[in-house]
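One letter stands for each residue in the lines below.
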Amino acid sequence: MSVWENFKNAKRSSTDRLIGGVCGGLGEATPIPSWMWRAGFLFSMLAFGAGLLLYVVLWICMPGDKK
């Protein structure tokens, strides 16, 4: 499965969530663990400010898993 297909199949996690489940869903869909996604969003938010905007867009656009 390609990287793009992993991102297309990503869904917000209902079990591995701190705020919206975006990083947990990305962690389940990709080989990168959810804590690394969280660290990347946090770094991007603190360094560039774009991490928060990207997180909110993904929160709105990613479908939730039906667990």
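Treat the numbers as computed from the prediction; the structure is a model and nothing was measured.

J.: Is there a simple way to think about the packing of helix α3 (residues 34-47) against helix α4 (residues 50-61) in this case?
T.: Two packed helices can be described by the angle between their axes and the distance between those axes. At a minimum axis distance of 5 Å, the contact between α3 and α4 shows a crossing angle of 130 degrees. By the angle between their axes, α3 is oblique relative to α4. In this structure, α3 uses F41, S44 and M45 to contact α4, whose residues at the interface are A50, G51, L52, L54, Y55 and L58. The class makeup of the residues in the contact of α3 with α4 is 7 nonpolar, 2 polar and no charged.

J.: Looking at this structure, how should I read the layout of surface pockets?
T.: One simple way to see leftover space: roll a probe sized like a water molecule over the atoms. Roughly 250 Å³ of internal volume is contained in the largest pocket. Every residue lining the largest pocket is counted, 13 residues in all, and those nearest its centre are I19, C23, R38, F41 and Y55. Residue assignment for the lining of the largest pocket shows that the elements contributing at least two residues are α3 and α4. Split into classes, the residues belonging to the lining of the largest pocket amount to 10 nonpolar, 2 polar and 1 charged.

Rules behind the numbers
- Residues numbered from 1 in each chain as written.
- Predicted model: local features only at pLDDT ≥ 70, side-chain atom pairs only at ≥ 80, totals over all residues.
- Heavy atoms only, no water.
- Axes fitted to C-alpha atoms, helices over the stretch in contact; angles between N-to-C directions.
- Helix = DSSP H or I, 4+ residues; strand = E, 2+ residues; numbered from the N terminus.
- Parallel < 35°, antiparallel > 145°, perpendicular 65-115°, else oblique.
- Contact = heavy atoms within 4.5 Å.
- Nonpolar A, V, L, I, M, F, W, Y, C, P; charged D, E, K, R; others polar.
- 1 Å grid on protein atoms, 1.4 Å probe; cavity = no way out; pocket = protein on both sides within 12 Å on 5 of 7 lines; lining within 4 Å.
- Points joined across faces, edges and corners; volume = space filled by probe spheres on them.

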